[in-house]
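So the chains spell out like this:
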Amino acid sequence: MLYDLHCHSNASDGKLAPVDLCLRAISNGVTHLAITDHDTLSGWQSLAEVPPGLSLINGIEYSCVWSGMTIHIVGLGFDSLHPVMQTGLSRQLEAREQRALIIDERLARLGFKGGLSAARIYAGENQIGRPHFARFLLENGHVNSMNQAFDKYLGAGKPGDVKALWPELHDVVSWITGAGGLAVIAHPARYKMTNMKLRRLIQAFREAGGQAMEVVSGSQSRDVTSYMAQLAHDYELFASQGSDFHGPGSPWQELGRFESLPKRCRPIWESGVLAVS
Ligand code: AMP
Ligand code: MN
Ligand code: MN
Ligand code: MN
């Protein structure tokens, strides 16, 4: 069995259609997959059927704020039709729309006009995100790469990093757990927090009812993995793992390709909660 519990389809900022994501997962040996698009279920919900050989676990990656930072919380195994989940999804849709207007204004003030209409075209029928604005900056020659678009204009602390509209950590945790799912701190090492701040985040997450954290996320060093395993142990959280695959090639990690959970972890699939459809 190989679980990949974090990846993106083109319903958010991934490159592949949900069916192609499933087929690629199967050919990489994944047996259990959660498609965790940003703030939407529409990717995996659009599948006519799950290709044979793969178990699909209901998934999402919610955006929220905690202590002035944008934090991502993965939800797994929830009842997608539960009213609290529906409330959460519509709040996030609204937040993304409002945020896009503000990002557009801020970029225009920097002299980059027309961001929103371009971003809407790139997003098509999907929700708008910062990667669409990054593509606008790139295709108009304002930056040389997507990375530079984030570094200069859209990443943490830059003008296009609008956090105010996201819900609080405890809200998103309650949407997931209220719908019978497991809440998981996504890629804890990626926030570049001090150890003390990361421990405070985990404590707040636990107090909100969160049950798990990603101990293995994409490609990370052994040292990071073993520190994450220690934290999961200290705070009695289940350990999750996922590639955070967005598309073939760099900088994204391939589906199903990551090191295994350290032995002392309690794997999230042993919680008995992950409903498989
Ligand atoms: P959003 O959910 O709209 O705030 O967009 C955040 C997404 O942008 C993240 O989930 C990443 O997939 C993507 N992203 C963040 N930083 C970078 C970067 N430096 N280069 C390319 N994509 C990035
Ligand atoms: Mn993403
Ligand atoms: Mn994330
Ligand atoms: Mn992700």
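Residues numbered from 1 in each chain as written. Chains lettered and ligands numbered in written order. Predicted model: local features only at pLDDT ≥ 70, side-chain atom pairs only at ≥ 80, totals over all residues. Heavy atoms only, no water.

Participant: Any chance you could explain the overall build of the protein chain here in plain terms?
Facilitator: Assigned secondary structure in the protein chain consists of 9 helices and 8 strands. Here the C-alpha radius of gyration of the protein chain, 18 Å, is about what a compact globule of 277 residues would show, namely 19 Å. In terms of its C-alpha atoms, the protein chain occupies a principal-axis envelope of roughly 50 × 45 × 40 Å. Relative to its full complement of 277 residues, the protein chain shows a buried share of 52%. (Helix = DSSP H or I, 4+ residues; strand = E, 2+ residues; numbered from the N terminus. Rg over C-alpha atoms; globule rule 2.2 N^0.38 Å. Buried < 20%, exposed > 50% of the residue type's maximum accessible area, 1.4 Å probe, protein only.)

Participant: Honestly, the site of ligand 1 in this entry has me stumped. Any pointers?
Facilitator: Close contacts around ligand 1 come from D13, H38, R96, R99, G129, R130, P131, N147, F150, H246 and W252, and that covers them all. Contact distances for ligand 1 include 2.8 Å between an oxygen atom and a backbone N or O atom of R130. A total of 500 Å² of accessible area belongs to ligand 1 in isolation, and the protein chains cover 82% of it. Within the residue set of the shell around ligand 1, elements represented by two or more residues are α3 (83-109), α5 (130-139) and α6 (146-154). Among the residues making up the shell around ligand 1, the classes are represented as 3 nonpolar, 4 polar and 4 charged. (Near = heavy atom within 4 Å. Polar contact = N/O pair within 3.5 Å; in protein donor to acceptor, adjacent residues only side chain to side chain. Areas by Shrake-Rupley, 256 points an atom, 1.4 Å probe, with all protein chains shown as cover. Nonpolar A, V, L, I, M, F, W, Y, C, P; charged D, E, K, R; others polar.)

Participant: Explain the packing of aromatic side chains to me, please; I cannot follow it from the model alone.
Facilitator: In this description, a pair of aromatic rings is defined by centroid distance and the angle of the planes. Taken as a whole and judged by the stated rule, the model has 3 aromatic pairs. In this structure, R266 is placed above the aromatic ring of F238, and the distance from its NZ or CZ to the ring centre is 4.3 Å. (Phe/Tyr/Trp six-rings, centres within 6.5 Å; stacked < 30°, edge-to-face > 60°. Lys NZ or Arg CZ within 6 Å of the ring centre and 35° of its normal.)

Participant: Hey, could you run me through the coordination of the manganese ion (ligand 2) in this one?
Facilitator: Between any two of four tetrahedral donors, the ideal angle at the metal is 109.5 degrees; between two of six octahedral donors, it is 90 or 180 degrees. With distances of 2.2 to 2.8 Å, the protein atoms coordinating the manganese ion (ligand 2) are D13 (OD), D13 (OD), H38 (NE2) and H246 (NE2). Geometry at the manganese ion (ligand 2) is irregular, judged from the 6 donor atoms that bind it and their angles of 51 to 148 degrees at the metal. Along the chain, the residues donating to the manganese ion (ligand 2) are arranged with the sequence spacing D-x24-H-x207-H. A distance of 5.6 Å spans the gap from the manganese ion (ligand 2) to the manganese ion (ligand 3). Taken together, the positions of D13 in the loop between β1 (3-4) and α1 (18-27) and H246 in the segment after β8 (238-242) put the pair 233 residues apart, joining distant regions of the chain. (Donors = N, O, S within 2.8 Å, 3.2 Å for Na, K, Ca; no water. Tetrahedral: all angles 85-135°; square planar, octahedral: opposite > 155°, others 65-115°.)

Participant: For this particular structure, what's the right way to read the coordination of the manganese ion (ligand 3)?
Facilitator: Donor atoms from the polypeptide that bind the manganese ion (ligand 3) are E61 (OE), H72 (ND1) and H187 (NE2), placed at 2.1 to 2.2 Å. Each donor residue of the manganese ion (ligand 3) lies on one chain, and together they are spaced E-x10-H-x114-H. Classification of H72 as buried rests on a relative accessible area of 14%.

Participant: Can you walk me through the pairing of strand β5 (residues 69-76) in this structure?
Facilitator: The side chains of a regular strand alternate between the sheet's two faces. Along β5, 7 of the 8 residues are buried, which leaves the element largely enclosed by surrounding structure. Connecting strand β4 (residues 59-66) to the next strand, β5, in antiparallel fashion are 2 residues, including S67 with a positive phi near 50 degrees. Pairing between β5 and strand β6 (residues 182-185): 4 bridges, direction antiparallel. Considered in β6, the bridge of L76 is made with L182. (Pairing = 2+ DSSP bridges.)

Participant: When you look at the packing of α3 against helix α7 (residues 169-178) in this model, what are you seeing that I'm missing?
Facilitator: Angle between the axes and distance between the axes: these two values describe a pair of packed helices. α7 packs onto α3 with a crossing angle of 145 degrees between their chain directions and a minimal axis gap of 8 Å. Considering how the two elements wind past one another, α3 and α7 form a crossing that is left-handed. For the pair α3 and α7, contact is made by V84, M85, G88, R91 and Q92 and by D171, S174, W175 and G178, respectively. A per-class count over the contact of α3 with α7 returns 3 nonpolar, 4 polar and 2 charged. (Axes fitted to C-alpha atoms, helices over the stretch in contact; angles between N-to-C directions. Left-handed = near helix turned anticlockwise from the far one by under 90°. Contact = heavy atoms within 4.5 Å.)

Participant: Please clarify how the nonpolar core should be interpreted in this entry.
Facilitator: Considering soluble globular proteins, one finds that nonpolar side chains tend to be buried as a cluster. Grouped together as the largest cluster of nonpolar side chains are 64 residues, with contacts concentrated most on L33, I73, L76, L201, M213, V215 and I268. Tallying contributions element by element places α7 first for this core, with 5 residues. Counting 18 residues, the second-largest nonpolar core is a separate cluster that includes I103, A149, Y153 and V162. (Core = buried A, V, L, I, M, F, W, Y, C linked by side-chain atoms within 4.5 Å.)

Participant: What is the right way to look at the pattern of salt bridges in this model?
Facilitator: Opposite charge on two side chains makes pairing possible when the charged atoms of those side chains draw close. This model, assessed by the stated rule, comprises 10 salt bridges. Between D161 and K163 there is a salt bridge whose closest N-O contact spans 3.4 Å. Take D161: its relative accessible area is 10%, and that puts it in the buried class. Judged by its relative accessible area of 25%, K163 is partly exposed. R199 is paired through a salt bridge with D234; the nearest N and O atoms lie 3.1 Å apart. Residue R199 is located in helix α8 (residues 195-207), and its partner D234 is located in helix α9 (residues 222-234); the two are separated by 35 residues in the primary sequence. Of the residues examined, D234 reaches a relative accessible area of 34% and is grouped as partly exposed. A single network of salt bridges, built from pairs that share partners, joins R130, D161 and K163. (Salt bridge = Lys/Arg side-chain N within 4 Å of Asp/Glu carboxyl O.)

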